[in-house]
Amino acid sequence: LSKHKGPIFSLKWNKLGGDRTRGGERTSVGGSVGAILRHAWRALASRTAAGRTWEAMEGGSVPSGYRVLREGAASILQREEDEDAFYNKAQIVNRDMSVAVLRQFLSNLRQEIENGELVRTRKGRVAQNKDVAASKETAGTKGNVEVEKTNGQETENCNGHARGEEAEDPAALRVERESFRLLEGLAASGLRAIRYAKEVKDLDTVVANDFDRKATDAIDRNLAFNDISPEKIKSSCQDARILMLNNPLAYHAIDLDPYGSPAIFLDSAVQAVADGGMLLVTATDMAVLCGNNSEVCWSKYGSMSLRRPYCHEMAVRILLSTIEAHANRYKRYIVPLLSLSVDFYVRVYVRVYTSAKMVKQTPTKLAYVYQSVGCDSFFLQPVGQMKTADQSVKFSAAVSPPVPQAFVEKSRAFYMGGPTLSAPIHH
């Protein structure tokens, strides 16, 4: 077999033909050659009754017909002349950022546990310590702010978040050190899962899942090549939605990086992540989120997107509002930690908490967007408002509209987009 002499990272998909191309040069392989490669690799594999395991490769040697791709602390094997699990070089920044965020998040979570900031109620739910939550009550995010006179004092009502909920159970117990678990729902070659296991010291267990049998074969192959024990990374081959639904509150972090929209995975994800845990979500359907196909955005995300100079920020906010909507159905809410628009995708990192009280504030964090037809001027219309008087809190629909029928300066009408998150998108 002749080896390609071009750069090893210039891989892309030919969407029409489905063949792999490298540097613009077609590299599809005939059935007989492909069968030989597959048979050669299967000869190296061993299967046990406990599950599929790959025979360890002596000294990390590279089998014939494969090449090594190195990224971070991980190395993976890719077939040279046959289809293999997808590797996306363009997402290197995504993976680097995710490793950094996950390190900091788990470090913070461990500190919260050690300092007694997290407690466990009798229902088994993790919540923020009552005293800690009260001391941080003023640290919420600001959205639709209502200021009223109460007993002669001017008070400010902010509709954001307290980092967790108050412990409803007075007999709540302090959370002891747990094994931190992460699920990568769409693992492909397993590269990201391997990087997490090797580069995030606080992470105890990683579940690398993919629905494609070729992908899970590649995951097992790469785990053996990196000499990682099955206890550290467990491979799984099933629908990510079913896996998450079968494991409620089981994972401290869930990473979803699909090709296209993550919308179909969100309902399961908000149920599977532990209280105070983190969701790492990517959306690559930017044409939909940035206003080229607003009707598709409505069907997937429940929001009308607008094509304007701020469309990439609006894409981030639409994704966040969709995650919030799914979480609210289960008395949960999100706290955005970091939100990014990079190249052809958006990536958000959010913590998920459970609190019926905080869920009531969600309408005050959402807004419709009135966009002038004649210029780039826009106005926000909050969905709801919250008023506080004498320690009583009332929620109602917001007063509207924030604009006249036509823009005074231009005498032009308005497009209406959203709803979208109007609260801060970073912590």
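You'll find the structure just up there.
A look at the overall build of the protein chain
Across its full length, the protein chain carries 11 helices and 24 strands. Taking contacts inside the protein chain between residues at least 6 apart in sequence as the whole, the part at least 24 apart equals 65%.

Describing the environment of Ala215
In this fold, Ala215 is placed in helix H5 (residues 213-225). Given the relative accessible area of 5%, Ala215 is considered buried. Sequence-wise, Ala215 and Ala85 are 130 residues apart; in three dimensions their C-alpha atoms are separated by 5.0 Å. With residues up to four places along the chain from it excluded, the contact list for Ala215 reads Ala85, Ala188 and Asp210.

Let's talk about the nonpolar core
Ranked by size, the top nonpolar core spans 45 residues in total, and within it Met244, Ile254, Leu279, Leu289 and Ile323 carry the most contacts. In terms of residues, this core owes the most to one element, helix H10 (residues 311-328), which gives 9 residues. Once you skip the residues sitting within four places of it in the chain, Met244 turns out to touch Leu183, Ile254, Leu256, Phe265, Ser268, Ala269 and Ala272. The next biggest cluster of nonpolar side chains, apart from the first, holds 32 residues, and it includes Tyr87, Leu102, Leu118 and Ala187.

What to know about the sheet that holds strand E15 (residues 233-236)
Read from one edge to the other, the open sheet built from 7 strands follows the order E15-E14-E13-E16-E17-E19-E18, with strand pairing classed as mixed. Looking at which strands have only one partner, the edges of the open sheet turn out to be E15 and strand E18 (332-342). On average, each strand axis in the sheet is inclined to that of its neighbour by 15°, with strand direction left out of account. Across the face of the sheet, H10 comes into contact with strand E17 (273-283), E18 and strand E19 (345-354) while running at roughly 160° to E18.

Observations regarding the packing of aromatic side chains
Centre-to-centre distance and the angle between the planes together describe a pair of aromatic rings. Taken as a whole and assessed by the stated rule, the structure comprises 5 aromatic pairs. Relative to Phe414, the ring of Phe379 lies with its centre 6.1 Å away and its plane at 75°, an arrangement referred to as edge-to-face. With Phe379 in strand E21 (residues 378-382) and Phe414 in strand E24 (residues 414-421), this residue pair connects regions lying 35 residues apart in the sequence. Judged by relative accessible area, Phe379 falls into the partly exposed class, the value being 28%. Looking at Phe414, the relative accessible area reads 16%, which means it is buried.

Brief notes about the sheet that holds E21
An order of E21-E20-E24 is seen for the 3 strands of this open sheet, with the pairing classed as antiparallel. Where the open sheet ends on each side, the last strands, each with one partner, are E21 and E24. Direction aside, the axes of adjacent strands within the sheet are offset by 25° on average. When strand E20 (residues 366-372) meets E21, the two strands line up antiparallel, connected through 5 bridges. Bridge pairing links Tyr370 to Phe379 in E21.

Considerations on the pattern of salt bridges
Under the counting rule described, the total for this entry stands at 17 salt bridges. For Arg95, the salt bridge identified is with Glu71, shortest N-O distance 2.6 Å. With Arg95 in helix H2 (residues 92-114) and Glu71 in strand E6 (residues 66-71), this pair connects stretches of sequence that are 24 residues apart. Glu71 sits in the buried class, given a relative accessible area of 6%. Its salt-bridge partner being Asp376, residue Arg308 comes within 3.8 Å of it at the nearest N-O pair. Taken together, the residues span a long stretch of sequence, with Arg308 in the loop between helix H9 (294-301) and H10 and Asp376 in the loop between E20 and E21 at a distance of 68 residues.

Reading the values: rules and limits
- Residues numbered from 1 in each chain as written.
- Predicted model: local features only at pLDDT ≥ 70, side-chain atom pairs only at ≥ 80, totals over all residues.
- Heavy atoms only, no water.
- Helix = DSSP H or I, 4+ residues; strand = E, 2+ residues; numbered from the N terminus.
- Contact = heavy atoms within 4.5 Å.
- Buried < 20%, exposed > 50% of the residue type's maximum accessible area, 1.4 Å probe, protein only.
- Core = buried A, V, L, I, M, F, W, Y, C linked by side-chain atoms within 4.5 Å.
- Pairing = 2+ DSSP bridges.
- Axes fitted to C-alpha atoms, helices over the stretch in contact; angles between N-to-C directions.
- Phe/Tyr/Trp six-rings, centres within 6.5 Å; stacked < 30°, edge-to-face > 60°.
- Salt bridge = Lys/Arg side-chain N within 4 Å of Asp/Glu carboxyl O.

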